[in-house]
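Architecture and fold: a report
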Amino acid sequence: MDKPQKTVQEKTSADTKAIGFDYQYYYFLYQMLHLRHGESVGYEVKDDVHISRTNGKTVLIQMKHSVVTKADGNVENLTEKDEDLWKTISNWIAMINDDADERTTINLQIDFINHHLFQLVTNQSQSDSNRFIFKMSELNDGKLSVEAFKDYLSSLVKQSSERQLSTVDSYILKLREQNAVWLTAFLKRLSIYHNVDDLIFKIKQKIREKNVPETRIEDVYAAVNSRLRTLIYEDIKAGNKVHFSFENYYREFTRYFELGRTRRLPIRLNTTAPEVPQNAQEHMFITQLIDAEILSVRDDDFEEKLVECFSNKYEMHNNLTRWLHDSEITEHEKMAFDWESEKEWKNTFDRVYAEHKTKLRNQNALDTSEMEEPRGLAAVCYYETLKIKLTLDATQLPVTMCNGQYYLLSDKPSIGWLYNWKARYLV
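About the thresholds
Residues numbered from 1 in each chain as written. Predicted model: local features only at pLDDT ≥ 70, side-chain atom pairs only at ≥ 80, totals over all residues. Heavy atoms only, no water. Helix = DSSP H or I, 4+ residues; strand = E, 2+ residues; numbered from the N terminus. Buried < 20%, exposed > 50% of the residue type's maximum accessible area, 1.4 Å probe, protein only. Areas by Shrake-Rupley, 256 points an atom, 1.4 Å probe, with all protein chains shown as cover. Lys, Arg positive; Asp, Glu negative; His and termini not counted. Charge placed at Lys NZ, Arg CZ, Asp CG, Glu CD. Pairing = 2+ DSSP bridges. Axes fitted to C-alpha atoms, helices over the stretch in contact; angles between N-to-C directions. Contact = heavy atoms within 4.5 Å. Expected span 1.5 Å × (residues − 1). Arc of directions from axis to C-beta. Salt bridge = Lys/Arg side-chain N within 4 Å of Asp/Glu carboxyl O. Patch = residues over 30% accessible without salt bridge, like charges linked within 9 Å, V, L, I, M, F, W, Y side chains within 5 Å. pLDDT = per-residue confidence, 0-100. Phe/Tyr/Trp six-rings, centres within 6.5 Å; stacked < 30°, edge-to-face > 60°. Lys NZ or Arg CZ within 6 Å of the ring centre and 35° of its normal. Core = buried A, V, L, I, M, F, W, Y, C linked by side-chain atoms within 4.5 Å.

What follows covers the overall build of the protein chain. Helix and strand content of the protein chain: 18 helices and 10 strands. With respect to the three principal axes, the spread of C-alpha positions in the protein chain is 115 × 55 × 40 Å. Taken over 427 residues, the protein chain has a buried fraction of 43%. Total accessible area computed for the protein chain in this model is approximately 24100 Å², and 48% of it derives from carbon and sulfur atoms. Within the protein chain, one finds 56 positive and 66 negative side-chain charges whose respective centroids are separated by 4 Å.

Set out below in structure tokens:
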């Protein structure tokens, strides 16, 4: 069954355009990761992407991404009269022969060609029926004369007195009209790269080649990608050209690769507020905070505080889970971290309640669970505990995660804020 023909709106949809822009962007990022000393790469400066080599040559790259598929689901082949192919060639012809750049003589045009490489990069496959690529190869190998190649170009054009030239045919004739020396020089420097896809995977592989451990590749990729998008946005907003020399690249991005190789644990902070469970007040760590009058449903900011508490708790829990999964830490190290955290809390707890404990001792009170709780000391214990700076595997944890660790421990509960917390909760 034939596939239904696409509407004009479908052909010009934002999704189709967006993936084309992303294809160009990720190829730029991929090339940036290949930069060597003395080289530079540009984004929509001289072409979609361009690379300046140390030998004085400039690589001009046009990106063409197709979403059109064949019956088997694969992307369609690059055909002999593909409009993207010929439009790209037409653009390069106009660039080489640009009057505005005063390239009005054949010598100046040949000189420009000799200092450039022209690359069409596409996700489309090469077709065995694409005679253009075959004929170009024959010409470059000296197996086909320029005159015979021009005759081939003429044969591609469907022309009659009753029919206007198609856009593609006009592009083909534009190439055919060029001087034989010009044509030979250009085609020797023209390359078409097929099946260039999965760019994000290729970028991550390149990051891996920079000695970044497997467990850190996603973090380095996310950091580099985010930073690059920010820099591009800032450059465009300021009216600057997006252009990175090796030195710029080294200065802006080396830090991210260092973080990927360091022994410090990769910390992933929450970027969005978590959804607070409907039974939030039934969670032990929240129950403890309410019983200790640290949180109150009567407070105007009660819901805001709930979000903060759950955010901190999830942030610590998610990082610990990820570190264990990625073998960044061991179960033994996790247990030792919990023990150390509890020890820090115990020191604080004993210090805060030292005077109260002395009073109980002097009163010979054996059943402390029945003694009246000293007002305010639970809050003091809580806030003093939140001042504790925790370290795991030589990594200083941020305040939110330190708080989260104590919310996790009080949720078990293995720690508490009230003096008689064990009698209340460990039943």
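So, on to the sheet that holds strand 7 (residues 190-193). Pairing within the open sheet is mixed, and its 6 strands lie in the order 7-5-3-2-1-8. Strands with a single pairing partner mark the edges of an open sheet, and in this sheet they are strand 7 and strand 8 (242-245). Neighbour-to-neighbour, the strand axes of this sheet turn through a mean angle of 15°, independent of strand direction. As paired elements, strand 3 (residues 58-64) and strand 5 (residues 116-122) share 7 bridges and run parallel to each other. Paired with Leu-60 across the strands is Phe-118, a residue of strand 5. Contacting strand 3, strand 5 and strand 7, helix 3 (residues 83-96) runs over the sheet at an angle of about 150° to strand 3.

Another point: helix 14 (residues 331-352). Across its 22 residues, helix 14 extends 32 Å between first and last C-alpha, which sits within 8% of the 32 Å expected from 1.5 Å per residue. Considered for burial, the residues of helix 14 that qualify are Lys-334, Phe-337, Asp-338, Ser-341, Trp-345, Thr-348, Phe-349 and Val-352. Taken around the axis of helix 14, the buried residues stretch over an arc of 110°, which confines them to a single face. Residues of helix 14 that are exposed and point more than 90 degrees away from the buried face comprise His-332, Met-335, Trp-339 and Arg-351. Elements that come into contact with the buried residues of helix 14 comprise helix 13 (302-325), helix 15 (354-362), helix 16 (377-385), strand 9 (391-392), helix 17 (399-411) and helix 18 (421-425).

The next subject is the pattern of salt bridges. Under the criterion given, the structure shown has 20 salt bridges. In this structure, Glu-218 engages Lys-204 in a salt bridge whose closest nitrogen and oxygen atoms are separated by 2.7 Å. With Glu-218 in helix 10 (residues 217-237) and Lys-204 in helix 9 (residues 199-209), this residue pair connects regions lying 14 residues apart in the sequence. Judged by relative accessible area, Glu-218 falls into the partly exposed class, the value being 41%.

A surface patch of negative charge is lined by Asp-299, Asp-300, Asp-301, Glu-304 and Glu-308. Along the polypeptide, Asp-300 turns up in the loop between helix 12 (284-291) and helix 13. Look at Asp-300 and you get exposed, because its relative accessible area is 84%.

Across the protein chain, the average pLDDT comes to 90, with 93% of residues at 70 or higher. Taken element by element, the predicted model of the protein chain shows its lowest mean pLDDT in helix 1 (residues 8-11) (49) and its highest in helix 17 (97).

The next point concerns the packing of aromatic side chains. For any pair of aromatic rings, the description consists of the separation of the ring centres together with the inter-plane angle of the planes. Across all of its chains, the model carries 26 aromatic pairs by this definition. Considering the side-chain rings of Phe-132 and Phe-149, the 6.2 Å spacing of their centres and the 55° angle between planes classify their relative orientation as tilted. Residue Phe-132 is found in helix 5 (residues 131-140), and its partner Phe-149 is found in helix 6 (residues 146-156); the two are separated by 17 residues along the sequence. Side by side, Phe-132 and Phe-149 carry an identical accessibility label, which is buried. The rings of Phe-28, Tyr-43, Phe-244, Phe-246, Tyr-249, Tyr-250, Phe-253 and Tyr-256 are connected pair by pair, giving a single aromatic cluster. Its end group placed over the ring of Phe-112, Arg-103 keeps NZ or CZ at 4.0 Å from the ring centre. The ring of Tyr-221 is capped by Lys-204, whose NZ or CZ atom sits 5.0 Å from the centre of that ring.

A few words on the pairing of strand 3. Remember that side chains alternate between the two faces of the sheet whenever the strand is regular. The buried count for strand 3 comes to 7 of 7 residues, which makes it a mostly enclosed element. Taking every second residue as pointing to the same face, both faces of strand 3 are buried, with Thr-58, Leu-60, Gln-62 and Lys-64 on one and Val-59, Ile-61 and Met-63 on the other. Where strand 2 (residues 49-52) hands over to strand 3, the hairpin turn is made up of 5 residues, of which Gly-56 adopts a positive phi near 90°.

Moving on, we get to the nonpolar core. Ranked by size, the top nonpolar core spans 42 residues in total, and within it Leu-289, Trp-323 and Trp-417 carry the most contacts. Of all the secondary-structure elements, those providing two or more residues to this core are helix 12, helix 13, helix 14, helix 16, helix 17 and helix 18. Looking at this core element by element, the count peaks at 7 residues for helix 13. Here Leu-289 is in contact with Ile-294, Leu-295, Cys-309, Tyr-382, Tyr-407 and Trp-417, once residues within four sequence places are set aside. One finds Tyr-25, Phe-28, Leu-35 and Ile-232 within the second-largest nonpolar core, a separate group that totals 36 residues.

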